[in-house]
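# Structure assessment
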Amino acid sequence: MPLFLVILIAAAALVFGGARLIGNDYVFFAGYTVLQFIVLATAWNILGGYTGYVNFGSAAFFALGAYATVFVHKTYPLPIPLLIVIGGAVSAVVGFGMGYLTLRLRGAFFAIATLALAVVLQTLVVNWDYVGGSRGAYIIRPNEVALIGPYIQYLFLLMLALVVIALTTARGIERSQLGYGFATIRDDELAAEACGVPTLRLKLIATTLSGGLMGMAGAPFPYYIGYLQPSSAFGLEYAVNSIAMPMIGGTTSWVGPLIGAILLGSLQQIATVTISSAVNLLIVGLLLVGFVIIAPNGIVGLVQDRLRARSK
Amino acid sequence: MPLLEVSRLSKRFGGFVALDGIDLAVAAGERVGLIGPNGSGKSTLVNCVCGTLANATGTVRFDGAEMDGLTTHERTRRGIARSFQLPRPFATLTVADNLRVPLLYTVNARSGPTLTPAELDARCAELLALVGLGDKATRLPRDLTQVEMRKLELARAMAADPKLLMADESMAGLSHSEVDDIVTLLVRLNERGITIVLIEHIMRAVMKFSQRLVVLVSGKKIADGKPDVVIRDPEVERAYIGQ
Amino acid sequence: MPVRGGQRVGLSFDLVINALIAGILLGGFYAAVTIGVSISFGILDIVNIAHPAFIILGSYIAYIINARLGIDPILISITMLPAFYVLGAGVYQIYYESFERRGQEALRGLSFFFGLLFVTEVSLILVFGVDYRYVEAPYIGPSWHIGVMDFPLRMLVPCLAALAMFGALELFMSRTFLGRAIAAVAQDQLALRLMGASPIRIKRIAFGISIATTAVAGALLIIIQPVEPSVGREYIGRVFAICVLGGLGSLPGTVIGAMLLGILESFTATFYGPSWAPAVAFGVLLLTLAFRPAGLLGR
């Protein structure tokens, strides 16, 4: 496990170094979005892919992190790493609370409840003037950071760190007893209980972890975007992408969301610039529906099938 | 004191009464057969004892303790195991890993020494050999035959190291010799000290296996005693011929 | 709606009675919107969260034809019933082949419907843009006044149409063989097979009916309020809140749940302002799921 962490950190350092070499700030702005999606997709997959409980409200947890930052920033500005911890904690607590209320019910009810949560939170935020309400909130960010340079590079670095944390967590879970437990919940919850798996407790762990990671991804967002509106924080593209990226990449392994996020994230960056953002979302939606019907195990699944066929 | 004591257990689904005041006592080490026509409440009884179904009236006492309010996994950890009527293996885990789950989450979760990874592997291998699936350890459940899946189902229940095993229709659709295999296996398990309640339709197996026979019809217990006596009870005959 | 400066207005009889009436009329309409989900979720156990997308589709179709030909939107929707039925049957077939048969409904089925919802909304944005669209009809505008009570016709007519649709469906479900087979398919597939009916076919018909109702619901929606593509999302919460409140699978329960939600939303909008309205449905849903998942009339 420590080896994996070392490799990841090395890879992250390479990515950062490579981006600096290119010397164009746009790489950092676009790259930040892709990295953000890696975290969101990985976080979603811990709950959705590993335990089989679908979360339609990723935007809610993401926005909670973002708005926690706005709230704290208005009260007393803190360094971003601390804000990330706070955003993650807030989202984790909400994830736990919502899980506690709804995870005893069937997966379908949980999924609907996550949708409900997103709308309720958005309505609350829209009506809360302290964090800007529907008018939005401005976050003034510094231009430069000591030792690193342009501010966007600092944000990029932070998001890289979050990617390392998310991927390490996901892979760590996969290979642990917890991972077995999650898989049994996904495969057959009733049988899992009969084998002694404390399903509610494990589901709560998954929801809390997943929500927490999403909140951490959302915490730096106001600094990235400068002007935060509820419609952008709670945007539908977060919900769709958090689901589409793992489903297309493959839900059974930590590699799936990574592949899905890099592929779809880059695709969308290109499409938004060349075509339009609406068409770009349409493509994501169609890909989601297509993959779910034709290749339910995603790209990872297709590769695994190909390998298994060849070894026979 | 009986190992399992069910008192006045009733369960309704809306207007439908699935169980109506069932009293059942099972002594430690017994081999009990539970029979009855389709829809008589046998599986419902198992589900209520194991905690899969809630909101039943009456009491279930196991090993001297009241079970009401305990979740299924808590009951499993106390020593009640069950196999499912339709096998429910963990489809994405290998056969061996299917057995590892109850070892990790039940046996290791109990107080007392936890099994080391080496001991876990050994226990898996032992259980697989016991049911004759030793060479299928690394396969996925979907590669197994019907019989093999039922054996896996039983092995998985056994992996939880239970005091009481409720085997729900483990033999449906099996051939003559396959049924004999399972009965032999169950008797062997019982000789190791595990109390077994066998829910079955296959009369030959039930008669061969049971020391005591209980008959359920429309949610009520209509007979409870020695198998050869119960089977000649006119009310039992009527229940079966009348269906 | 008199909410002055975001502050509460005093409790006057006029206000209360009209909020009540608006709530009931709204509730009738909500029943029309939800009845399809009562069938697909309550009876068939299919979590079709794309249901509101079909409704919005119905709204836009009513809008196009009404704008071009001036035909009454409710009439339009009745002619669209067969098309929507076929659409529903087709969607069910895909759902069944891809997910239900393989036991994958939980994760993949849900994602499928979510994808459908999303694709529909984005496609509508691409074709029609995000401007609000509305229809023209003689009953949009005038109100009946009886004493202090106001009955806006643009709400009364849809409410009556909704109740008519509900009545027709209830008769169908209780009096015809097909209707009773649908009610039974959730509980006893074996019995159905023994009677020579194929459960898959019954479910397909039922889902087709469920989507057919969205044609009418969509027309009613655009009569009541102007429509733009993202309006559907508000209705996801409403629809499932009503279903859960009323108890899954109970058609009369759906109407009662719809009325309750309509009244609740109406009072919230009157006394607290309309920007809180979306939260009401979803808040009700969360609370019901947390504390009384079987619903008020549930089994």
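Note that the structure is a prediction, hence the values are computed from the model and not measured. The numbers attached to residues start from 1 for each chain and follow its sequence in the written order. Note on labels: chains are lettered from A, ligands numbered from 1, in written order. Thresholds applied to this predicted model are a pLDDT of at least 70 for local features of residues and 80 or more for the giving and counting of side-chain atom pairs; totals over whole chains, interfaces and linings are not thresholded and use all residues. Working from all heavy atoms in the structure, the side-chain values ignore hydrogens and water.

## Thoughts on the overall build of chain B
Counting from the N terminus, the helices are the DSSP runs of H or I reaching at least four residues and the strands are the DSSP runs of E reaching at least two. Broken down by element type, chain B carries nine helices and ten strands. Atoms counted for the radius of gyration: C-alpha only. Globule rule: 2.2 Å times residue count to the power 0.38. Its C-alpha atoms give chain B a radius of gyration of 18 Å, near enough to 18 Å, the size a compact globule of 243 residues would have. If you line up chain B on its principal axes, its C-alpha atoms span 55 × 40 × 35 Å. With a 1.4 Å probe rolled over the protein chains alone, any residue whose accessible area is under 20% of its type maximum counts as buried; one over 50% counts as exposed, and the rest are partly exposed. Relative to its 243 residues, chain B shows a buried fraction of 52%. Contact between two residues is taken to exist if any of their heavy atoms lie within 4.5 Å; hydrogens are not considered. For chain B, contacts bridging at least 24 residues in sequence account for 67% of all contacts bridging at least 6. When the accessible area of chain B is evaluated, it comes to approximately 10,500 Å², of which 52% is carbon and sulfur surface. A distance of 2 Å separates the average location of the 31 positive side-chain charges in chain B from that of its 29 negative side-chain charges. Computed with the Shrake-Rupley method and a 1.4 Å probe, the accessible areas treat only the protein chains shown as cover for residues. The sign given to each residue is positive for Lys and Arg and negative for Asp and Glu; His and the chain ends receive no count. All charge positions are set by atom: Lys at NZ, Arg at CZ, Asp at CG, Glu at CD.

## Some details on the sheet that holds strand β10 (residues 220–225) of chain B
Residues and elements named next belong to chain B. At least two DSSP bridges between two strands are needed for those strands to be called paired. A sheet is described by the order of its strands in space; here six strands give the open sequence β6-β7-β8-β3-β9-β10, paired in mixed fashion. In this open sheet, the two strands that pair with only one neighbour each are β6 (80–83) and β10. Going from strand to strand, the sheet's axes swing by 15° on average, the running direction of each strand aside. As defined by bridge partners, strand β7 (residues 164–168) adjoins strand β8 (residues 195–199) across five bridges and the pair is classed as parallel. Think of each axis as a best-fit line through the C-alpha atoms, taken over the contacting stretch in the case of a helix, with angles from 0 to 180 degrees between the N-to-C directions.

## A look at the sheet that holds strand β1 (residues 4–13) of chain B
Residue and element names in this part refer to chain B. Taken in spatial order, the four strands line up as β2-β1-β4-β5 in an open sheet, and their pairing is antiparallel. In this open sheet, the two strands that pair with only one neighbour each are β2 (16–26) and β5 (65–66). Sheet topology note: the strand β4 (residues 57–62)/β5 ladder contains two bridges and is antiparallel. Of the residues in β5, the one forming a bridge with R61 is E66.

## Concerning helix α9 (residues 231–246) of chain C
Residues and elements named next belong to chain C. For a helix, the expected span equals 1.5 Å multiplied by the number of residues minus one. Taking 1.5 Å per residue, 16 residues should reach 22 Å; α9 reaches 23 Å between its end C-alpha atoms and fits that length. By the criterion of burial, α9 is predominantly enclosed, with 14 of the 16 residues buried. Two residues or fewer after α9 comes G247, characterised by a positive phi angle close to 90°.

## Re the domain arrangement of chain B
Residues and elements named next belong to chain B. As far as domains go, chain B holds domain 1 (1–79 + 163–243) and domain 2 (90–161). Its C-alpha centre places domain 1 at a distance of 24 Å from the equivalent point of domain 2. Summed over both partners, the accessible surface that disappears when two parts come together, traced with a 1.4 Å probe, is what is meant by buried area. Taken over both partners, the interface formed by domain 1 and domain 2 buries close to 1,400 Å², and the fraction arising from carbon and sulfur atoms is 68%. Its largest share of buried area at the contact with domain 2, domain 1 owes to R77, L185 and R192, together 33% of the area lost on that side. Salt-bridge detection follows one rule: a side-chain nitrogen of Lys or Arg within 4 Å of a carboxyl oxygen of Asp or Glu. Inspection of the region where domain 1 meets domain 2 yields one salt bridge. Any pair of nitrogen or oxygen atoms within 3.5 Å is treated as a polar contact; in protein, a donor-acceptor pairing is required on top of that, and neighbouring residues in sequence qualify only through side-chain atoms on both sides. At the surface where domain 1 touches domain 2, the tally comes to five residue pairs in polar contact (both at pLDDT 80 or more). Those elements that place two or more of their residues in the side of domain 1 that touches domain 2 are α2 (72–78), β7 and α6 (176–191). Residues that form the side of domain 1 that touches domain 2 fall into these classes: ten nonpolar, three polar and seven charged. For every domain, the bounds stem from an assignment made automatically or drawn from a database. In this count, Pro and Cys sit with the nonpolar residues alongside Ala, Val, Leu, Ile, Met, Phe, Trp and Tyr, while Asp, Glu, Lys and Arg are called charged and the others, Gly among them, polar.

## Describing the arrangement of the chains
There are two pairs of chains in contact here, and the one with the most contacts is chains A and C. Chain B shows no contact with chain C. Their nearest C-alpha atoms sit 6 Å apart.

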